[in-house]
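# Structural characterization, general
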Amino acid sequence: RHGDAAVISVVAGRGALDYELKSLIAQRGVQSNCILEGRVDDAIEFYGRNDALLITSETEGLPITLLEAMSLGLPAIATRVGHIPEVIQDGVNGYTYEPKELERLACLASVLSAMSPEKRSALGRAARETMVTKHDINYCAAQYEETFRGLLPRL
């Protein structure tokens with residue numbers, strides 16, 4: 001959040017590292033800045049109450065959560081793995097960082113947090129535009145068709 005408001009991290013989902021995450025949060029004394037959301041049933045509502053999406057995975061293909069968030073105009077910071085760099089253009093519609101570069105992640109999160117609501121909104125609009133122009137269902141279907149036609153033997 002912009003201004004003097006604290007940054008609150010909201011962790012969605014559940015997984016094998018839940019216990020370690022809860023222990024780390026307690027160990028660092030940051031319980032007041034962390035919300036463990038658990039299972040999210042309404043993704044649109046969830047994204048709507050957050051200012052950005054952070055993806056910290058060390059391995060990914062192209063996460064649906066990234067596509068969903070960007071299509072709703074939510075800027076993202078994500079690891080530069082899988083197909084994420086094909087979707088996020090640094091500083092245009094989000095930010096990327098190399099896996100395990102936690103200082104870079106912290107820096108990018110700080111930049112996004114300090115950004116005015118207008119600038120963050122512009123970043124989100126660019127994210128949405130990326131989804132509408134390059135990941136629209138019709139665009140994706142045309143790309144599949146082109147790929148399959150390229151695989152067919154010439155008659």
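Residues numbered from 1 in each chain as written. Predicted model: local features only at pLDDT ≥ 70, side-chain atom pairs only at ≥ 80, totals over all residues. Heavy atoms only, no water.

### Some details on the pattern of salt bridges
Any two side chains of opposite charge can pair if their charged atoms end up close together. Stated precisely, the cut-off is as follows: Salt bridge, as used here, is a side-chain nitrogen of Lys or Arg placed within 4 Å of a carboxyl oxygen of Asp or Glu. Throughout, exposure labels follow a simple rule: accessible area from a 1.4 Å probe, protein chains only, divided by the maximum for the residue type, with under 20% read as buried, over 50% as exposed, and the rest as partly exposed.
Throughout the structure, instances matching the rule amount to eight salt bridges. The partner of Arg 39 in a salt bridge is Asp 41, with the nearest N and O atoms 2.6 Å apart. Residues Arg 39 and Asp 41 agree in their burial class; the two are exposed.

### Remarks on the nonpolar core
For clarity, the threshold we go by: Residues belong to one nonpolar core when they are buried, are Ala, Val, Leu, Ile, Met, Phe, Trp, Tyr or Cys, and are joined through side-chain atoms within 4.5 Å. Each helix corresponds to a stretch of at least 4 residues labelled H or I by DSSP, and each strand to a stretch of at least 2 residues labelled E; elements are numbered beginning at the N terminus. Here, residues are in contact when the closest pair of their heavy atoms is within 4.5 Å.
Ranked by internal contacts, the top residues of the largest apolar core, which has 17 residues, are Tyr 47, Leu 53, Leu 66, Met 70, Ile 84 and Ile 88. Of all the elements in the fold, those that place two or more residues in this core are helix H2 (43-48), strand E3 (53-55), helix H3 (64-71), strand E4 (76-79), helix H4 (84-87) and helix H6 (117-134). Excluding residues that lie within four positions of it along the chain, Ile 88 makes contacts with Leu 66, Met 70, Ala 76, Ala 78, Asn 93, Gly 94, Tyr 95 and Thr 96. Core analysis: the next-biggest nonpolar cluster, separate from the first, contains eight residues, Ile 77, Tyr 95, Leu 112 and Leu 123 among them.

### Examining the environment of Asp 41
Note the cut-off: By the criterion applied in these results, polar contacts are pairs of N or O atoms within 3.5 Å in which, for protein atoms, one can donate a hydrogen and the other can accept it, and in which residues neighboring in sequence qualify only through two side-chain atoms.
Examined against the element boundaries, Asp 41 turns out to sit in the loop between strand E2 (34-38) and H2. Measuring from C-alpha to C-alpha, the distance between Asp 41 and Gly 13 comes to 9.9 Å, with 28 residues separating the pair along the chain. For Asp 41, the side chain forms a polar contact with the side chain of Arg 39, separated by 2.6 Å.

### Focus on the side chain of Thr 79
Mapped onto the fold, Thr 79 is located in strand E4. At 2.5 Å, the side chain of Thr 79 and the backbone oxygen of Ser 57 are in polar contact. What Thr 79 contacts, discounting residues up to four positions off in sequence, is Ile 55, Thr 56, Ser 57, Ile 84, Tyr 97 and Pro 99.

### As for the sheet that holds strand E5 (residues 94-97)
Cut-off, in case you're wondering: We treat two strands as partners when DSSP finds at least two bridges between them. In this description, a line fitted to the C-alpha atoms serves as the axis of each element, helices being fitted only across the stretch in contact, and the angle between N-to-C directions of two axes falls anywhere from 0 to 180 degrees.
Strand order in the open sheet formed by three strands is E3-E4-E5, with parallel pairing between adjacent strands. Of all strands in the sheet, those with a lone pairing partner are E3 and E5, marking the two edges. On average, each strand axis in the sheet is inclined to that of its neighbour by 10 degrees, with strand direction left out of account. The pairing of E4 with E5 spans four bridges and is classified as parallel. Within the sheet, the bridge partner assigned to Ile 77 lies in E5 and is Tyr 95. Across the face of the sheet, H3 comes into contact with E3 and E4 while running at roughly 160 degrees to E3.

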